[in-house]
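A structural walkthrough
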2 protein chains.
Amino acid sequence: MTYQPAESGLALWRRVADAIESGIAGGKYQAGTRLPGELEIAEQFGVHRHTVRRALATLAERGLVRAERGSGTYVEAQRIAYPIRSRTRFSEIIGTSGREADGRLIDSSVEPAGADLAKKLGLKANAPVVRIDMLRQANRVPICVGTSWLPAERFPAADRIYKTTRSMTKTLAHFEVTDYRRAVTRVGAALVDAADCAALDLRPGSPILLVESVDHDLNGDPILTTRARFAAERIEFVIES
Amino acid sequence: MTYQPAESGLALWRRVADAIESGIAGGKYQAGTRLPGELEIAEQFGVHRHTVRRALATLAERGLVRAERGSGTYVEAQRIAYPIRSRTRFSEIIGTSGREADGRLIDSSVEPAGADLAKKLGLKANAPVVRIDMLRQANRVPICVGTSWLPAERFPAADRIYKTTRSMTKTLAHFEVTDYRRAVTRVGAALVDAADCAALDLRPGSPILLVESVDHDLNGDPILTTRARFAAERIEFVIES
DNA sequence: CAAAGATGTCTATGTCGATAGACAACTCGC
DNA sequence: GCGAGTTGTCTATCGACATAGACATCTTTG
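Described in the following lines is the structure provided in the data block. Quick caveat: nothing in here was measured; it's all calculated off a predicted structure.

Quick word on the pattern of salt bridges
Applying the stated criterion across every chain yields a total of 48 salt bridges over all chains. Asp-217 of chain A is the salt-bridge partner of Arg-154 of chain A, the closest N and O atoms lying 3.0 Å from each other. Within this pair, whereas Arg-154 of chain A is found in the loop between strand 6 (141-151) and helix 6 (158-165), its partner Asp-217 of chain A is found in strand 8 (residues 207-217), the two being separated by 63 residues in sequence. A salt bridge links Glu-212 of chain B to Arg-227 of chain B; the nearest nitrogen and oxygen atoms lie 3.8 Å apart. With a gap of 15 residues between them, Glu-212 of chain B in strand 8 (residues 207-217) and Arg-227 of chain B in strand 9 (residues 222-231) connect regions that are remote in the sequence. Note on Arg-227 of chain B: relative accessible area 28%, which makes it partly exposed. Where salt bridges share partners, they join Arg-87, Arg-89, Glu-92, Asp-179 and Arg-181 of chain A into one cluster.

What follows is the structure, given as structure tokens:
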């Protein structure tokens, strides 16, 4: 065989890399253990050793594996557990895992709410909302990018507060909302697009977790809805019922 | 420019296809609406129109969009909402959405539990468990493949029951477990591997949702743990807190 | 120390991916 | 009915992808 991309649009080395990465994510190759040799992997996938080398090179560059000359290639990585429950706070979760949480404001504005947004926040159509685009990191590693919307009437200039506090919890506290609850979370998966690719420091074709959420205050009134994209290779959601 | 895969291992047309698919999943292009013209998309991504055409062709083949000659290309798809709560039943969820649920047994056996598995099911190390590999469909469209494990002592020959009932709920009912609860669910995302690619009828490089779950009976004793891979393009999880 | 086995690097060759340009066929609005 | 704008199809060119084989360099084991 020479070159048979089989209509998938994925380079062969990329398919091999993805398969190994899946193996690591799925527990087939555990952290610290040694991967099979390059020749063995090549035989397993029915490809040339050079193709395997290219796959491993990209995994090594991303810090997922580490090649040791003369010895073998070893698994490095581990995902952060991200619990989703009624009390879900980015900075708390990251902090509890022993990492330093950070939120950067990318852009913001006040806009009229579309139909979908107004319904989620319990507002009249075209009521003003504050839009906050942000990038969240753990130990300087980007975890997710996303957009939050808050009712502008109740939370005027929430974006300016967020810019200085770098935390949504602290921003809400500014408006006397000392506690709030996650009401609903929707989780899907997709492939990263070009813009997020740069923001999250991912490769094109990496999987991302799409999250859409609504938070209520203690009276049950919606105060915040968010659409975020998480780097799937760095995060795993945990839901306890 | 000629050919610049930019180290990603993804064909350019594939990156464009993924971006458009993300746009559909993320709500940028809503169902029924018209996509921008081929030339416009080409300009937007800085690629040739042929490249865009190839991207759209694959999306059309998968039923995500529909091209109308002389007029434009239109969005078709919509994902199934899959609620995750303490009462989570595949057949119920699919049935409620107006689709026909089906479960096919792929393989099964009785094995000693590994350390991880024994802990999840509250068993002693190496206690026997029934392993059930299955493929689940909605209207004959594959939704997920996965493996369930049950304590073999309490649920002997559970695999044979599953084979005939094609439902885990009915299988448990055979053993006088009329009700049970989801205790914990872990959700991640990855890229599909070769085996699941065939089973789920996906293209290589498609994103999948990884789900690991544990169910308890009403006494709080673990009775069932599952590791499943869902086709992300057909499903979206909903968590209400 | 020596041999086996692992990763690292080089050269060469055939096929596919992406571009470029041109034209056909169809839809819609005026 | 006509023209602008859209999707559908063709030919040609050039660089990247995958293969093939050979050899260097390092680690581990006996």
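Describing the environment of Ala-77 of chain B
Residue and element names in this part refer to chain B. With respect to the helices and strands, Ala-77 occurs in the loop between strand 2 (72-75) and strand 3 (80-84). The partly exposed category is assigned to Ala-77, whose relative accessible area is 25%. For the pair Ala-77 and Val-65, spaced 12 residues apart in sequence, the C-alpha to C-alpha distance is 7.2 Å. Excluding residues that lie within four positions of it along the chain, Ala-77 makes contacts with Ala-31 and Leu-64.

Here's the deal with unusual backbone geometry
Positive phi is not limited to glycine here, since Arg-166 of chain A has a value of about 55°. Assessed through its relative accessible area of 37%, Arg-166 of chain A is described here as partly exposed. Phi is positive for Ala-157 of chain B, which is not a glycine, with a value near 55°. Here Ala-157 of chain B shows up in the loop between strand 6 (141-151) and helix 6 (158-165).

Considering the relation of the copies chain B and chain A
Aligned on chain A, chain B shows an RMSD of 0.1 Å; the corresponding rotation is 180° and the shift along the axis is 0.1 Å. The superposition of one copy onto the other is thereby described by a two-fold rotation axis. If distances are taken from each C-alpha of chain B to the rotation axis, the shortest is found for Leu-10 of chain B, at 2.4 Å. Taken as a fraction of all interface residues of chain B, those also at the interface in chain A reach 100%, which identifies the copy contact as same-surface.

Focus on the interface of chain B and chain A
Counting residues at the interface gives 44 residues for chain B, matched by 44 residues for chain A. Counting the surface chain B buries against chain A, the share from its top three residues, Leu-191, Ile-239 and Ser-241 of chain B, is 17%. Connecting chain B to chain A are two salt bridges. A salt bridge links Arg-186 of chain A to Glu-236 of chain B, with the shortest nitrogen-to-oxygen separation between them at 2.8 Å.

About the thresholds
Residues numbered from 1 in each chain as written. Chains lettered and ligands numbered in written order. Predicted model: local features only at pLDDT ≥ 70, side-chain atom pairs only at ≥ 80, totals over all residues. Heavy atoms only, no water. Salt bridge = Lys/Arg side-chain N within 4 Å of Asp/Glu carboxyl O. Helix = DSSP H or I, 4+ residues; strand = E, 2+ residues; numbered from the N terminus. Buried < 20%, exposed > 50% of the residue type's maximum accessible area, 1.4 Å probe, protein only. Contact = heavy atoms within 4.5 Å. Least-squares fit on C-alpha atoms with pLDDT ≥ 70 in both. Buried area = accessible area lost by both parts, 1.4 Å probe.

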